[in-house]
Amino acid sequence: MHVTHQNMANAIRALAMDAVQAAKSGHPGMPMGIADVATVLFTQHLKFHPQDPQWPDRDRFVLSAGHGSMLLYAALHLLGYKDFPLDELKKFRQLGSATAGHPEFGEGGGIETTTGPLGQGLATAVGMALAEQLMTSRFGSDLFDHHTYVIASDGDLMEGISHEAIALAGHLNLSKLIVLFDDNGITIDGPLSLSDSTDQLKRFEASGWSVTSISGHDPSSIGDAITAAKSQDRPSLIACKTTIGFGSPNKSGKASSHGAPLGPEEVELVRQELNWPFQAFDIPEDIRNAWRSSGERSKHAYDNWADNFSALAPEQRAELERVLTGKLPPDFKSRMEECIASLADEAPKIATRAASQKVLEVVNGAVPETIGGSADLTGSNNTNTSQTPVVNKNDFTGRFIHFGIREHAMAAAMNGMALHGGLIPYSGTFLVFSDYCRPAIRLSALMKQRVIYVMTHDSIGLGEDGPTHQPVEHLAALRAIPNLNVFRPADAVETAECWQIALEAQTTPSVIALSRQALEPVRVRPEQQNLSSFGAYEARPSTSEAKVSLFATGSEVAIALKASDLLEGEGIATRVVSMPCWELFEQQSANYRQSILGASSVRIGVEAAVSMGWERYLGTEGGFIGMTGFGASAPYQDAYDHFGITPEAVAQAARARL
């Protein structure tokens, strides 16, 4: 038979409702409602190659409304992606399946990012679109000339991150970003009107977007709108008016189709309504072939790209291969070793944020794919260097992005840049504002992306700005995130070592917490190894068998060293351990960990933060010198004295336990 658009869209609807029904959980309404839009997009516009899901010049598709994951899984199956055979769809939401409840990056080709927390996908897509422009400026439009498409829900657009993201995209005129808004007017609680009355078209238009509204069930209008959006000189929003649960006689247009199976009786009624007389998971061969044929639509573009890649000069081809695989330049390690040795010899008494900038001068000279930025704190975070001219809407050859006061979108956009490939993003804000970044940081860790968060003003040491800006609980909160390296270097040498580790960690994001105040140098002679890579190491041994072990991070290592002087002066053998990264310390052998923790009967931890987590190293009898509440507005020396984070207090805590 002649396969129509409706046949192809109904294949998505059927697979979605069947998989949700089989799993006894899920969200059938959204895939059924937006199926017409997805069918037009995937079969007529999206540039991709199912046999090579990592093709660098493919269009990116982000299902920001990740709860509708069966839309994506159904399309990938129908288009011939090998990671999504029918058996995987039948295992929807089951342990070990590629078809998780929400799309998870790394589970299969065609999933460009993990989505589910609403708004994250949209903001991540902004980073992907930005990365496309950056890569085009570096390697040319013969190699990078693709679009980023997003399907977003009402919920995505209500989340605060959406405002940050669309404002940034509009400001930078990211014209290859196209958002298809599933305008179905329904949320979990019921009609959208219960909670929102925003005119989304006016909102996007005010941020510099091209906007239009269409029927999301008219394939001709959908295709025309996407074609028009691709010719715009700004990002585009296409509001697609749809009916959630389309085809369900009793649940279409209702919240009841959103987050639960339709039920066996309703599923059968849908089959009748859609004229789909096939069994569960049964896709007729002619409809499947029509989808598979669409999957081959970009083969010519794929072959042209391969020819263009092969035609590159050998050095340029090798460089592009290197950045796309995430490998660092071959001389990176030696240049970092020179940097570390130089800082050890210089032994500067500077803030670690200032040390970070000195290190970045080396890093950005050695690694051309780094892209820096700041959330309106460039002069405080020190994330710019001589190699990082500013990116703007007219010039994407730069390497520094002014994200504005948009910490959440900044973090998500960095995820998008890392996921796109070819770039290593880093950007800065104050550590206290990691709270604003946290949902995106969590996704960096979940997706195993090399994203580097430069978090300065890391303690009460920032001084007069007071408790609103002084982080106390933030180190503990960040250390609680799996697969996230949290670095707190003690001086310039440790700062350089931490940067080296962060850049070499291809599958782990990093937070580098840096001081505002100047710190005494801890490391003043070159070492054969990157000591920070062990997570913790003995910064100063005791003069004899240690009775006291002092453990500290960051700015408090110098305090611990001074306390050691006091104790040693009294004949109390004391050793000092610097712990720049707990996560790396936990990865060391049991023997190494025990050697660093030592056999001392007295253990004292020192950190200008809350004690949560320290008990694993100090034990129940250990002491802790740090914060038990919020900080105070004062010059930093006065704040340290007021809260008792001093060498004298550390020494007294040790004496009291002897």
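Throughout what follows, the structure given in this document is the object of discussion. (Residues numbered from 1 in each chain as written. Predicted model: local features only at pLDDT ≥ 70, side-chain atom pairs only at ≥ 80, totals over all residues. Heavy atoms only, no water.)

One open sheet holds the six strands; their spatial order is 9-8-10-11-13-12, and the pairing between them is parallel. Taken across any chain shown, the strands that pair with only one partner, and hence form the sheet edges, are strand 9 (400–402) and strand 12 (485–487). Across the sheet, the mean angle separating the axes of adjacent strands is 20° when strand polarity is ignored. Strand direction decides the pairing type here: strand 8 (residues 370–374) and strand 10 (residues 424–430), joined by three bridges, are parallel. Across the sheet, residue Ile371 finds its bridge partner in strand 10, namely Pro425. (Pairing = 2+ DSSP bridges. Helix = DSSP H or I, 4+ residues; strand = E, 2+ residues; numbered from the N terminus. Axes fitted to C-alpha atoms, helices over the stretch in contact; angles between N-to-C directions.)

Mapped onto the secondary structure, Ser555 falls in the loop between strand 15 (548–552) and helix 21 (556–569). A distance of 3.0 Å separates the side chain of Ser555 from the side chain of Arg488, its partner in a polar contact. Ignoring anything within four residues of it in the chain, the contact list for Ser555 reads Ser459, Arg488, Pro489, Gln517, Leu519 and Tyr640. (Polar contact = N/O pair within 3.5 Å; in protein donor to acceptor, adjacent residues only side chain to side chain. Contact = heavy atoms within 4.5 Å.)

What follows covers the side chain of Ser459. Summarising the element assignment, Ser459 is placed in the loop between strand 11 (452–456) and helix 19 (474–479). A distance of 3.5 Å separates the side chain of Ser459 from the side chain of Tyr640, its partner in a polar contact. If sequence neighbours within four positions are ignored, Ser459 has contacts with Gln470, Pro471, Arg488, Gln517, Ser555, Ala608 and Tyr640.

Turning our eyes to something else, we now look at the packing of helix 1 (residues 5–23) against helix 11 (residues 285–295). When two helices pack together, their arrangement is given by the angle between the helix axes and by the axis-to-axis distance. Two numbers describe how helix 1 lies on helix 11: the axes approach to 10 Å, and their chain directions differ by 95°. Classed by the angle they form, the pair helix 1 and helix 11 counts as roughly perpendicular. Contact residues: helix 1 offers Asn7, Met8, Ala11 and Ile12, while helix 11 offers Ile287, Ala290, Trp291 and Ser294. Here the residues of the contact of helix 1 with helix 11 are counted per class, giving six nonpolar, two polar and no charged. (Parallel < 35°, antiparallel > 145°, perpendicular 65-115°, else oblique. Nonpolar A, V, L, I, M, F, W, Y, C, P; charged D, E, K, R; others polar.)

Residues Leu174, Leu177, Leu320 and Met417 are the most contacted members of the largest nonpolar core, which totals 72 residues. In terms of residue count, the dominant contributor to this core is helix 5 (residues 120–139) (11 residues). Excluding residues that lie within four positions of it along the chain, Leu320 makes contacts with Met135, Phe139, Leu143, Phe144, Phe309 and Leu312. Residues Leu63, Ala74, Ala98 and Ala290 belong to the second largest nonpolar core, which totals 64 residues. (Core = buried A, V, L, I, M, F, W, Y, C linked by side-chain atoms within 4.5 Å. Buried < 20%, exposed > 50% of the residue type's maximum accessible area, 1.4 Å probe, protein only.)

With that settled, consider the sheet that holds strand 14 (residues 537–540). The strand order across the open sheet formed by five strands is 14-16-15-17-18, and the pairing between neighbours is mixed. Among the strands making up the open sheet, the edge pair consists of strand 14 and strand 18 (623–625). Taking the axes of each pair of neighbouring strands and ignoring which way they run, one obtains an average angle of 30° across the sheet. The sheet contact formed by strand 17 (residues 602–606) and strand 18 spans three bridges and is parallel. For Gly605, the partnering residue across the bridge sits in strand 18 and is Phe624. Strand contacts of helix 23 (residues 590–597): strand 14, strand 15, strand 16 (574–578) and strand 17, with the helix running at about 130° to strand 16, the strand carrying the most contacts.

By the element assignment, Gln120 lies in helix 5. With a relative accessible area of 2%, Gln120 lands in the buried category. Residues in contact with Gln120, not counting those within four places in the same chain, are Ile161, His408, Ala412, Pro439, Ala440 and Leu443.

Side chains of Glu464, Asp465, Asp638, Asp641 and Glu648 sit close together on the surface and give a patch of like negative charge. Tracing the chain through its elements places Asp641 in helix 25 (residues 636–642). (Patch = residues over 30% accessible without salt bridge, like charges linked within 9 Å, V, L, I, M, F, W, Y side chains within 5 Å. Areas by Shrake-Rupley, 256 points an atom, 1.4 Å probe, with all protein chains shown as cover. Salt bridge = Lys/Arg side-chain N within 4 Å of Asp/Glu carboxyl O. Lys, Arg positive; Asp, Glu negative; His and termini not counted. Charge placed at Lys NZ, Arg CZ, Asp CG, Glu CD.)

With that settled, consider the pairing of strand 3 (residues 177–183). Across the seven residues of strand 3, seven count as buried, placing the element largely inside the fold. Burial along strand 3 is two-sided: the face carrying Leu177, Val179, Phe181 and Asp183 and the face carrying Ile178, Leu180 and Asp182 are both buried. The pairing of strand 3 with strand 7 (residues 236–241) spans six bridges and is classified as parallel. Paired with Val179 across the bridge in strand 7 is Leu237.

As a further point, take the packing of aromatic side chains. Enumeration over the complete set of coordinates arrives at 20 aromatic pairs. With a centroid separation of 5.6 Å and 85° between ring planes, the pair formed by Tyr426 and Trp499 is classed as edge-to-face. Note that Tyr426 is positioned in strand 10 and Trp499 in helix 20 (residues 492–504), a separation of 73 residues in sequence. Summarising the burial analysis for this pair, Tyr426 and Trp499 share the class buried. When the centroid spacing of 6.0 Å and the interplanar angle of 10° are considered together, the rings of Phe430 and Phe433 count as stacked. A residue is classified by how much of its surface remains accessible, and Phe433, at 17% relative accessible area, is buried. (Phe/Tyr/Trp six-rings, centres within 6.5 Å; stacked < 30°, edge-to-face > 60°.)

What follows concerns the packing of helix 3 (residues 69–79) against helix 11. Contact geometry for helix 3 and helix 11: axes closest at 7 Å, N-to-C directions at 85°. By the criterion of interaxial angle, the relationship of helix 3 to helix 11 is roughly perpendicular. The segment helix 3 lies against helix 11, with His77, Leu78 and Leu79 engaging Arg288, Trp291, Arg292, Ser294 and Gly295. Of the residues that constitute the contact of helix 3 with helix 11, the class distribution is three nonpolar, three polar and two charged.

What follows is about the pairing of strand 8. Counting buried positions over the five residues of strand 8 gives five, a clear majority of the element. Covered by surrounding structure in strand 8 are Thr370, Gly372 and Ser374 together with Ile371 and Gly373, the residues of both alternating faces.

By the definition in use, this model includes 25 salt bridges. With a shortest N-O distance of 3.8 Å, Glu586 and Arg616 are connected by a salt bridge. Of this pair, Glu586 sits in helix 22 (residues 582–586) while Arg616 sits in helix 24 (residues 615–618), placing them 30 residues apart in sequence. A relative accessible area of 35% means that Glu586 is categorised as partly exposed. Look at Arg616 and you get partly exposed, because its relative accessible area is 48%. By sharing partners, the salt bridges in this structure join Asp18, Glu268 and Arg271 into a single network.

For the rest of this paragraph, the subject is helix 20. Over its 13 residues, helix 20 extends 19 Å from the first C-alpha to the last, a length consistent with the 18 Å expected when each residue adds 1.5 Å. Of all 13 residues in helix 20, 12 are buried; the element is thus mostly enclosed. All buried positions along helix 20 are accounted for by Ala492, Val493, Glu494, Thr495, Ala496, Glu497, Cys498, Trp499, Gln500, Ile501, Ala502 and Leu503. The opening residue of helix 20 is Asp491, an N-cap whose side-chain oxygen sits 3.2 Å from the backbone nitrogen of Val493. (Expected span 1.5 Å × (residues − 1).)

Another point: unusual backbone geometry. Unlike most non-glycine residues, Lys24 shows phi in positive territory, near 60°. By the element assignment, Lys24 lies in the loop between helix 1 and helix 2 (29–45). Non-glycine residue Phe281 carries a positive phi angle of around 65°. Tracing the backbone through its elements, the reader meets Phe281 in the loop between helix 10 (264–273) and helix 11.

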